[in-house]
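Structural overview
Residue-level listing of the chains:
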Amino acid sequence: MKFDWIDRSTVGAGLSRRGFLKAGAAATGGLVLGFTLPGANRFAQAAEAKVYAPNAFLRIAPDNTVTVIVNRLEFGQGVHTALPMLIAEELDADWSQMRGELAPAGEVYKDPAFGIQITGGSGSIARGYTQYREIGARARAMLVAAAAEQWKVAPGQCTTAKGVVLGPNGQKASYGSLAEAAMKQPVPATVVLKEAKAFRYIGKPMRRIDARAKSSGRQQFGIDFKPENAVTVLVARPPVFGAKVTKFDAGAARAIKGVLEVLEVDLDRGARGVAVFATGYWPAKQGREALQAEWDAGAVEKVDSARQLDEYRKLAKAPGGAVARAADVSKLATSAHRISAVYEFPYLAHAPMEPLNCVVDLKDEACTIWAGTQSQTVDQQVAGQILGLKPEQVTINTMMAGGGFGRRAVLASDWIGDTLRVAKAWRAAGKSGPVKLVWSREDDIRGGYYRPSYVHRADLGLDANGQIIAWDHKIVGQSIMGGTIFEPMMVKNGVDGSTIEGMGEPYAVPLNLSVDGVRQNVPVLWWRSVGATHTAFVMETLIDEAAHAAKVDPVAYRKKLMGEKHARHRAALDLAVAKSGYGSKKLAKGRAWGVAVHESFGSVVAYVVEASVVDGVPKLHRAVAGVHCNQAVNPLSIEAQVQGAALMGLGMTLPGAAITLKDGVVEQQNFGDYVVARHHEMPQVEVHIVPSNDPPTGIGEPGLPPLAPAFANAVFRLTGKRLRKLPFDLATA
């Protein structure tokens, strides 16, 4: 199928016929549409030139099926359903005929905010809401125009319903029968979108398009995909990040039945390891174990968690650091009540259900990649650099992924980059055909790119009425954005904006905030909800502590500090309070309430939880969420995302939920020693959404940050102990 690419000269000057991507009717038997819009927020400058919105495509086939090309990665968050819902709404399509298809890497699929094709920041719906609806509306207008032309009536005399155009004299034509003629119609420069009161799909709970395939095991994920003649590869990586192999027994590995080749290879971050090529995963694993590799880590730093934590504590207490927010702290010395606290947060692994994997078919002048990646066009650029090819010579097919939580958006392309380096070594050895690199669970957990470790130091002064009159705060940890394409926008005057996001707001407090950014030989990355993973815990437990010192109800104290400027926060909190029975319901003996509210990615989530402590172990029984994410496109997906985020938030609190290093080596290997929340630990989670018709905000991540502090606040009411670190440890609190 031949495509004519978007003409950028039309962007910003109104949509034109040349601004659409079309495929010939002879090739497809249907209609294909796409469009661009200029970017409009702080990330727009990320692109080298102009920033265009991701291009969505609508394909209507003769059998009336409507396929929406989804320009994001689907890895559990539900975009494979929500984005088609937006088109179906304005198209007046029959939902039973809607399909979804993941887009490959391409210029036309770039995110309007980032200038790259990416899935992240809980922005798929927020940044695709108007775009996808306008695609549906324009396609509908062209279908109506085609029908009106055939019937020799005015378009205004026609209506649409469930995939059919209806004429004034009883005429009826399906979208499939009109698709070819619709291609010849002028593209409307403007369209009028539906008012919320006319919505048939948006705001209604819709079952996921991909649910049946996933629940029945028919869905193909990246790890399931293996082209004909592909070889499976496992890589022996150094135990210390950046180290190099010095010795290995290739003969012993080759002696394993099914092992085809053993090659020394370059790896991410300057490391060097050994790739074992085999007919399948098991012989590759056995061959790797037979290598008995030895390593040289003399030239790299060997991080030790205990030593690091001690250094972070000292830095947190020391004066100085980059100023993120300035405020007068002189009143600390004369405050009626003072709160001093040090908070500690460990490294966290993403640990998605599907470990990392990638397939590469490298040829002389082209490369094809199959991967469940969050950053397709960045990977396309990096692949070109690694292989000496132009980006347009690299094809990336987006595979369905089994989770990721940020790990599949490594802008340095460690896992895809390693597969490319392995493919180069395979070719250099005179071999041909695709290679499939698979990470074991142990590789995945020990492989780096963690949520950074942080230490916070906080000093608060309260007056005699319990009001916060001074707040001095310092954060110590690694920068996530430093060294990435987002550094120019996110790192200002030495302060990584992702490190401090969520500090202060929505409360009117005199916060003096500084940051000590440190460099460590531990690869770090965004983790679901990014900076809010730690800042929300600090903010919401300190505000709760201040409320207790003031002898004021924690809900009332928060609302007073919010003032009248934060209506969405108040609405989410009020909804959670009302639905939970807080203040009116009597709890069972041994249980206590905990409250927290936090905004991230434009959405506010408030939790009211019920918890107990049994034999010294905190137990979460119930969590009631009040959610303000503006227009709820698919309430079922919102509920699922908040429940999943709550489970991850709970997981942060469980003993063993930490990545630690000793002499540069990660100590955890699998779920036996890196704890994630399991079924029996999941509380009852109720999700309630504040009604709104405003454009939607993010939802994939906002449900995570306030869960842990709400839980910690409940534990305080039961034990009198303030939990200052994650995971929870009552014995040392």
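Considering the overall build of the chain
Assigned secondary structure in the chain consists of 18 helices and 29 strands. On C-alpha atoms alone, the chain measures out to a radius of gyration of 27 Å, which is about the 27 Å that the 2.2 N^0.38 rule sets for 733 residues. If one aligns the C-alpha atoms of the chain with their principal axes, the spans along those axes are about 85 × 70 × 45 Å. Buried positions account for 60% of the 733 residues belonging to the chain. When contacts within the chain are restricted to residue pairs at least 6 apart in sequence, long-range pairs at least 24 apart make up 75% of them. Distance between charge centres in the chain, computed from 84 positive and 70 negative side chains, equals 4 Å.

So, the nonpolar core
Core analysis: the largest hydrophobic core is formed by 151 residues, its most contacted members being Ile 369, Ile 468, Trp 471, Phe 486 and Tyr 607. Among the elements that make up this core, the one with the highest residue count is helix H14 (residues 532-550) (eight residues). Contact partners of Ile 369, with chain neighbours within four places excluded, come to Cys 358, Val 359, Val 360, Ala 383, Val 394, Thr 395, Ile 396, Asn 397, Ile 416 and Leu 420. Leu 91, Ile 135, Tyr 175 and Met 206 belong to the second-largest nonpolar core, a separate cluster that totals 46 residues.

Comments concerning the side chain of Arg 622
Note that Arg 622 resides in strand E26 (residues 617-628). According to the relative accessible area criterion, Arg 622 is buried, its value standing at 11%. A polar contact is formed between the side chain of Arg 622 and the side chain of Glu 686, at a distance of 2.8 Å. Setting aside residues no more than four positions away along its own chain, Arg 622 makes contact with Lys 579, Ser 580, Lys 585, Val 608, Val 609, Glu 610, Pro 683, Gln 684 and Glu 686.

Section: helix H9 (residues 376-387)
Here H9 spans 16 Å end to end across 12 residues, near enough to the 16 Å set by a 1.5 Å rise per residue. Here H9 lies mainly inside the structure; 10 of its 12 residues are buried. For H9, every residue scored as buried is listed here: Gln 376, Thr 377, Val 378, Asp 379, Gln 380, Val 382, Ala 383, Gly 384, Ile 386 and Leu 387. Lining the buried residues of H9 we find strand E15 (357-362), strand E16 (367-371), strand E17 (394-398) and helix H10 (414-428). Positive backbone phi, approximately 75°, marks Gly 388, located one or two places after H9.

So, the packing of helix H2 (residues 79-91) against helix H3 (residues 124-151)
Two quantities define a packed helix pair, namely the angle between the axes and the distance from one axis to the other. Contact pair H2 / H3: the axes reach a minimum separation of 7 Å and the direction vectors enclose 40°. The hand of the H2/H3 crossing is right-handed. Across from Val 79, Ala 82, Leu 83, Leu 86, Ile 87, Glu 90 and Leu 91 in H2, the residues of H3 making contact are Ser 124, Ile 125, Gly 128, Tyr 129, Tyr 132, Arg 133, Ile 135, Gly 136, Ala 137, Ala 139, Arg 140 and Leu 143. Its residues placed into classes, the contact of H2 with H3 shows 13 nonpolar, three polar and three charged.

With respect to the pattern of salt bridges
Per the counting criterion, the structure on display carries 39 salt bridges. One salt bridge connects Lys 194 with Asp 92, and the closest N-O pair in it is separated by 2.8 Å. Here Asp 92 lies in the loop between H2 and strand E4 (98-102) and Lys 194 lies in the loop between helix H4 (175-182) and helix H5 (211-216), a separation of 102 residues in the sequence. Between Asp 443 and Arg 237 there is a salt bridge; the shortest N-O distance is 3.8 Å. Separated by 206 residues along the polypeptide, Asp 443 in helix H11 (residues 441-446) and Arg 237 in the loop between strand E8 (231-236) and strand E9 (244-247) bring together distant segments of the chain.

What about the confidence of the model for the chain?
Put simply, the chain has an average pLDDT of 91, and 92% of its residues get 70 or more. Within the model, the stretch residues 35-56 combines pLDDT values under 50 with 76 contacts to residues more than four positions away or in other chains.

Considering the sheet that holds strand E20 (residues 468-478)
A sheet is described by the order of its strands in space; here five strands give the open sequence E13-E23-E20-E19-E14, paired in mixed fashion. Two strands bound the open sheet, and with one partner strand each, they are strand E13 (322-325) and strand E14 (337-345). Taken over all neighbouring pairs, the strand axes of this sheet differ in orientation by 15° on average, direction set aside. Where E13 meets strand E23 (residues 511-518), three bridges bridge the pair, whose relative direction is antiparallel. Across the sheet, residue Val 323 finds its bridge partner in E23, namely Ser 514. Packed on one face of the sheet, H14 meets E14, strand E19 (454-462) and E20 and runs near 155° to E14.

Quick look at the sheet that holds strand E29 (residues 684-689)
Taken together, four strands build an open sheet; the order of strands is E24-E25-E26-E29 and the sheet is mixed. Bordering the open sheet on either side are strand E24 (591-600) and E29, each of which pairs with just one other strand. Direction aside, neighbouring strands of the sheet carry axes that sit 20° apart on average. Here E24 pairs with strand E25 (residues 603-614) via 10 bridges, running antiparallel. Opposite Val 595, over in E25, you have Val 608 as the bridge partner. Against the sheet, helix H17 (residues 635-651) engages E25, E26 and E29, with an angle of about 135° to E29.

Here we look at the pairing of E4
Consecutive side chains of a regular strand alternate in pointing toward one face of the sheet and then the other. With five bridges joining them, strand E3 (residues 66-70) and E4 adopt parallel strand pairing. Paired with Thr 67 across the bridge in E4 is Arg 99. Read as a crossover between parallel neighbours, the route from E3 over H2 to E4 is right-handed.

Let's talk about the pairing of E17
Alternating positions in E17 separate cleanly, Val 394, Ile 396 and Thr 398 being buried on one face and Thr 395 and Asn 397 remaining unburied on the opposite face. Each parallel crossover has a hand, and the one from E16 via H9 to E17 is right-handed.

With respect to the packing of H14 against helix H15 (residues 554-562)
Between H14 and H15, whose axes approach to 9 Å, the crossing angle comes to 110°. Classified by the angle their axes make, H14 and H15 are roughly perpendicular. Each of Glu 540, Ile 543, Asp 544, Ala 546, Ala 547 and Ala 550 in H14 lies in contact with H15, whose residues at this interface are Pro 554, Tyr 557, Arg 558 and Leu 561.

Brief notes about the environment of Lys 431
Within the element layout of this structure, Lys 431 appears in the loop between H10 and strand E18 (435-438). Along the chain, Lys 431 and Arg 528 lie 97 residues apart, while their C-alpha atoms are 40 Å from each other. With residues near it in sequence (within four places) discarded, Lys 431 still touches Glu 261 and Trp 426.

Points about the environment of Thr 119
Counting through the fold element by element, Thr 119 comes out in the loop between E4 and H3. Each C-alpha atom of the pair Thr 119 and Leu 73 lies 6.0 Å from the other, and the pair is 46 residues apart in sequence. Ignoring anything within four residues of it in the chain, the contact list for Thr 119 reads Arg 72, Leu 73, Phe 75, Gln 77, Ser 124 and Gln 374. In this structure the side chain of Thr 119 is engaged in a polar contact, spanning 2.7 Å, whose partner is the backbone nitrogen of Leu 73.

A look at unusual backbone geometry
Following Glu 505, the chain continues into Pro 506 via a peptide bond in cis, with omega recorded as 5°. Mapping Pro 506 onto the fold places it in the loop between helix H13 (497-500) and E23. Omega for the bond connecting Leu 726 with Pro 727 falls within 30 degrees of zero, at -5°, which places this linkage in the cis form. Inspection of the secondary structure puts Pro 727 in the segment after helix H18 (707-719). With a phi angle near 60°, Asp 92 is a residue other than glycine that sits in the positive phi range. Positive phi is not limited to glycine here, since Asn 493 has a value of about 50°.

Overview of the environment of Lys 314
By the element assignment, Lys 314 lies in helix H8 (residues 305-317). Lys 314 sits 220 residues away from His 534 along the chain, and the two C-alpha atoms are 19 Å apart.

Parameters and conventions
Residues numbered from 1 in each chain as written. Predicted model: local features only at pLDDT ≥ 70, side-chain atom pairs only at ≥ 80, totals over all residues. Heavy atoms only, no water. Helix = DSSP H or I, 4+ residues; strand = E, 2+ residues; numbered from the N terminus. Rg over C-alpha atoms; globule rule 2.2 N^0.38 Å. Buried < 20%, exposed > 50% of the residue type's maximum accessible area, 1.4 Å probe, protein only. Contact = heavy atoms within 4.5 Å. Lys, Arg positive; Asp, Glu negative; His and termini not counted. Charge placed at Lys NZ, Arg CZ, Asp CG, Glu CD. Core = buried A, V, L, I, M, F, W, Y, C linked by side-chain atoms within 4.5 Å. Polar contact = N/O pair within 3.5 Å; in protein donor to acceptor, adjacent residues only side chain to side chain. Expected span 1.5 Å × (residues − 1). Axes fitted to C-alpha atoms, helices over the stretch in contact; angles between N-to-C directions. Left-handed = near helix turned anticlockwise from the far one by under 90°. Nonpolar A, V, L, I, M, F, W, Y, C, P; charged D, E, K, R; others polar. Salt bridge = Lys/Arg side-chain N within 4 Å of Asp/Glu carboxyl O. pLDDT = per-residue confidence, 0-100. Pairing = 2+ DSSP bridges. Right-handed = clockwise from strand over helix to strand, strands pointing away. Parallel < 35°, antiparallel > 145°, perpendicular 65-115°, else oblique.

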